[in-house]
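Structure assessment
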Amino acid sequence: MAQPTSRQLVLIKVTLFLAALVPLAWLVLDGVQGRLSPNPVEAITHRTGDWILNFLMLTLSVTPLRKISGWHWLLRLRRMLGLFAFFYACLHFTTYIWLDQFFAMSEVWKDIAKRPYITVGFSAFVMLIPLALTSTNSMVKRLGAQRWRKLHRLVYVIAVFGVLHYLWLVKSDIRLPLAYGVVLITLLVLRVPSINQRITGLQRA
Amino acid sequence: MIIKRASEFKSSEITDKAVYLKRREFLKAAGIVSAGAAIPGLLAARVEAAAQKLQYIKNKKYLLDESLTPYQDVTTYNNFYEFGTGKADPARNATHFKTRPWTITVEGHARKTGTFDLDDIIKPHSLEERIYRLRCVEAWSMVIPWVGIPLADVVKRLQPTSKAKYVQFVTLHDPKQMPGQGGFLGGGLQWPYVEGLRMDEALNPLPLLAVGLYGEVLPNQNGAPVRLVVPWKYGFKSIKSIVKIRFVESQPPTTWNLAAPHEYGFYSNVNPEVDHPRWSQARERRLGDGSFFAPKRPTLMFNGYGEQVAHLYRGMDLKKYY
């Protein structure tokens with residue numbers, strides 16, 4: 001689809017929006033039907049966490065995909081993907097504060113200060129907030145494209161922190177965090193100027 | 001509250017009657033009322049799925065005033081990396097695990113060494129039920145009615161010599177049956193799984209060699225056919241599917257300590273004051289007690305068994321010997 005019509009684009013956006021809510025619907029359904037393992041708090045935490053990383057990876061794959069395919073309209077989906085990463089991050093953080101810690105804020109602060117995996121996870125969440133707040137068209141205008149772009153480069157740090165958060169919390173089986181790490185490194189390497197140029201050249205040829 | 005699953009099929013409905021009767025005799029000799037796993041091959045998988053009741057006495061000394069974790073939770077949420085690192089993996093991947101015939105090899109500084117059939121090791125003892133708390137190092141806990149025999153009685157019968165200062169235990173190493181032992185990274189652990197206790201810990205009355213839970217033969221995912229239960233230590237000390245017992249002079253290596261020495265010590269006593277380097281051990285989530293929307297409960301020193309075991313560690317710095 002080189003260039004969808006504006007009607008088609010609306011359809012694509014609506015479909016994506018609904019699809020992005022499926023993991024939540026699935027989680028709620030499993031919860032209602034008692035299929036969240038004997039440790040539901042852990043299951044909710046892990047599943048919302050997985051989807052933050054999934055949406056971060058999807059957000060970061062928009063630019064390379066656009067370059068490789070020449071489908072520039074993919075850019076129009078990036079904001080929604082990023083906001084869904086933030087949405088699942090809010091659910092993940094709420095699960096931790098509420099269901100896991102039960103608002104024992106002194107414990108929460110101790111965790112954030114003392115446990116490196118929570119420190120990086122919490123930092124990533126905090127960094128997502130300004131990105132979500134400045135995601136509107138008017139905010140892009142107010143900041144100016146250049147400053148906006150600079151600010152939104154934070155997403156690279158956020159993604160790295162997110163993967164570290166996962167890697168540092170597992171006991172010994174690092175296969176899944178490693179897989180996310182490989183995907184993230186690939187997505188970052190594709191942004192290295194020399195490689196980036198080669199892809200762009202390939203697409204033009 | 002004890003949940004007993006009704007046997008879906010009577011053994012007599014499936015097994016040929018002659019075999020069934022012989023089986024009853026064998027089981028009577030072994031002091032076990034029903035243990036389908038004792039005759040592999042003869043029994044269809046669906047019989048194995050049905051309840052296999054054990055005959056045991058309830059030890060009144062080891063009761064708890066806490067509600068039991070439901071059977072369903074105890075048998076579907078397991079850390080048994082030999083069958084996969086996900087909590088639900090063991091229940092899925094251990095269904096065809098062969099638990100009979102099963103032998104245990106006894107080695108090292110003891111008078112009675114050699115390879116023994118598991119049934120011969122269990123036979124001289126009467127099975128008893130004890131209700132113990134289980135505290136996982138991951139900060140969740142359960143309350144489980146185990147059926148087994150005191151480890152101390154078995155150790156004494158094997159007559160360790162004065163040179164035996166520690167007891168080492170080894171889990172079966174069989175990647176064909178235990179898919180978690182093969183493959184990429186092997187779950188991050190070295191196989192076979194090894195664990196150990198100091199001799200005085202092994203001789204303490206608390207540790208059980210468990211062969212059942214909830215009055216039934218131990219499900220494969222819970223460490224069948226025989227596992228250790230050491231209630232005052234984190235769950236990973238309670239080694240599963242034991243094939244070797246070694247009496248040794250010096251502190252034996254232990255699997256999680258080999259994997260991450262600064263996180264998991266040899267002792268690994270439950271201790272709310274000594275945190276795991278990456279998370280707090282002060283509180284725990286009790287599974288299956290309906291406390292979903294409730295704060296976690298405080299973790300007890302030695303998991304609440306201080307009266308029975310604190311003396312073993314008198315004068316020891318438990319921050320150093322974690």
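What comes next concerns the included structure. Keep in mind the model is a prediction, meaning the values are calculated, not measured.

Cut-off values and rules
- Residues numbered from 1 in each chain as written.
- Chains lettered and ligands numbered in written order.
- Predicted model: local features only at pLDDT ≥ 70, side-chain atom pairs only at ≥ 80, totals over all residues.
- Heavy atoms only, no water.
- Pairing = 2+ DSSP bridges.
- Helix = DSSP H or I, 4+ residues; strand = E, 2+ residues; numbered from the N terminus.
- Axes fitted to C-alpha atoms, helices over the stretch in contact; angles between N-to-C directions.
- Parallel < 35°, antiparallel > 145°, perpendicular 65-115°, else oblique.
- Left-handed = near helix turned anticlockwise from the far one by under 90°.
- Nonpolar A, V, L, I, M, F, W, Y, C, P; charged D, E, K, R; others polar.
- Expected span 1.5 Å × (residues − 1).
- 1 Å grid on protein atoms, 1.4 Å probe; cavity = no way out; pocket = protein on both sides within 12 Å on 5 of 7 lines; lining within 4 Å.
- Points joined across faces, edges and corners; volume = space filled by probe spheres on them.
- Core = buried A, V, L, I, M, F, W, Y, C linked by side-chain atoms within 4.5 Å.
- Buried < 20%, exposed > 50% of the residue type's maximum accessible area, 1.4 Å probe, protein only.
- Contact = heavy atoms within 4.5 Å.
- Buried area = accessible area lost by both parts, 1.4 Å probe.
- Salt bridge = Lys/Arg side-chain N within 4 Å of Asp/Glu carboxyl O.
- Polar contact = N/O pair within 3.5 Å; in protein donor to acceptor, adjacent residues only side chain to side chain.

**Here we look at the sheet that holds strand β2 (residues 103-108) of chain B**
All names here are of chain B. Taken in spatial order, the five strands of this open sheet run β3-β2-β11-β6-β7, and their pairing is mixed. Of all the strands in the sheet, the pair left with one neighbour each is β3 (114-117) and β7 (194-198). Taking each pair of neighbouring strands and ignoring which way they run, the sheet shows an average axis angle of 20°. Sheet topology note: the β2/β3 ladder contains four bridges and is antiparallel. Across the sheet, T103 pairs through a bridge with D117, a residue of β3.

**Some remarks on the packing of helix α2 (residues 40-69) of chain A against helix α3 (residues 78-100) of chain A**
All names here are of chain A. Packing of α2 against α3 leaves a shortest axis separation of 8 Å and a crossing angle of 160°. Here α2 is positioned roughly antiparallel relative to α3, judged by the angle of their axes. Where α2 crosses over α3, the handedness of that crossing is left-handed. For the contact of α2 with α3, the per-class residue count stands at 15 nonpolar, eight polar and two charged.

**Let's talk about α3 of chain A**
Taking 1.5 Å per residue, 23 residues should reach 33 Å; α3 of chain A reaches 32 Å between its end C-alpha atoms and fits that length. F102 of chain A, located one to two residues past α3 of chain A, shows a positive phi value of around 50°.

**Quick look at empty space enclosed by the protein**
All names here are of chain B. Applying the stated rule across the entire model yields two cavities of 30 Å³ or more. In this structure, the largest cavity occupies an estimated 340 Å³ of space. Per-element accounting of the lining of the largest cavity gives the leading share, four residues, to strand β5 (residues 140-150). For the lining of the largest cavity, the class distribution of residues is 16 nonpolar, six polar and four charged.

**Focus: the layout of surface pockets**
Gaps between atoms show up when a probe of the same size as a water molecule is rolled over them. All names here are of chain A. Considered as a void within the structure, the second largest pocket measures approximately 1,100 Å³ in volume. Taken together, 33 residues line the second largest pocket, and the ones lying closest to its centre are T63, L75, R78, W148 and H152. Among the elements that take part in the lining of the second largest pocket, α2 stands out by supplying seven residues, more than any other. Its residues assigned to classes, the lining of the second largest pocket shows 17 nonpolar, seven polar and nine charged.

**A word on the nonpolar core**
As a rule of thumb, nonpolar side chains are buried together in soluble globular proteins. Of all hydrophobic cores here, the largest spans 85 residues; its most connected members are W146, F169, L228, W232 and F247 of chain B. With seven residues, the top contributor of residues to this core is β5 of chain B. Not counting chain neighbours up to four residues away, the residues in contact with F247 of chain B comprise V106, E107, G108, H109, A110, V155, L158, P160, A164, Y166, V167 and M199 of chain B. In this structure, L60, V62, A89 and L128 of chain A belong to the second largest nonpolar core, which totals 34 residues.

**Some words on the interface of chain B and chain A**
Each side of the interface is counted separately: chain B has 32 residues, and chain A has 25 residues. Around 2,300 Å² of area is buried between chain B and chain A when both sides are counted, 53% of it from carbon and sulfur atoms. Counting every contact that joins chain B to chain A gives four salt bridges. A salt bridge links K171 of chain A to E138 of chain B; the shortest N-O distance between them is 2.8 Å.

**Some points on the environment of H276 of chain B**
With respect to the helices, strands and loops of the structure, H276 of chain B is situated in the loop between α9 (255-259) and β12 (283-286). As for H276 of chain B and Y322 of chain B, which are separated by 46 residues in sequence, their C-alpha atoms are 9.3 Å apart. Dropping the residues within four chain positions of it, H276 of chain B is found in contact with R115 of chain A together with V137, E263, Y264 and Q281 of chain B. Side-chain polar atoms of H276 of chain B contact the side chain of Y264 of chain B, separated by 3.1 Å.

**A short note on the environment of Y166 of chain B**
Residues and elements named next belong to chain B. For Y166, the location among the structural elements is in strand β6 (residues 166-171). On the basis of relative accessibility, which here comes to 14%, the residue Y166 falls in the buried class. Those residues in contact with Y166, other than ones at most four positions away along the chain, are L197, R198, M199, R246, F247, V248, E249, S250, Q251, P252 and F266.

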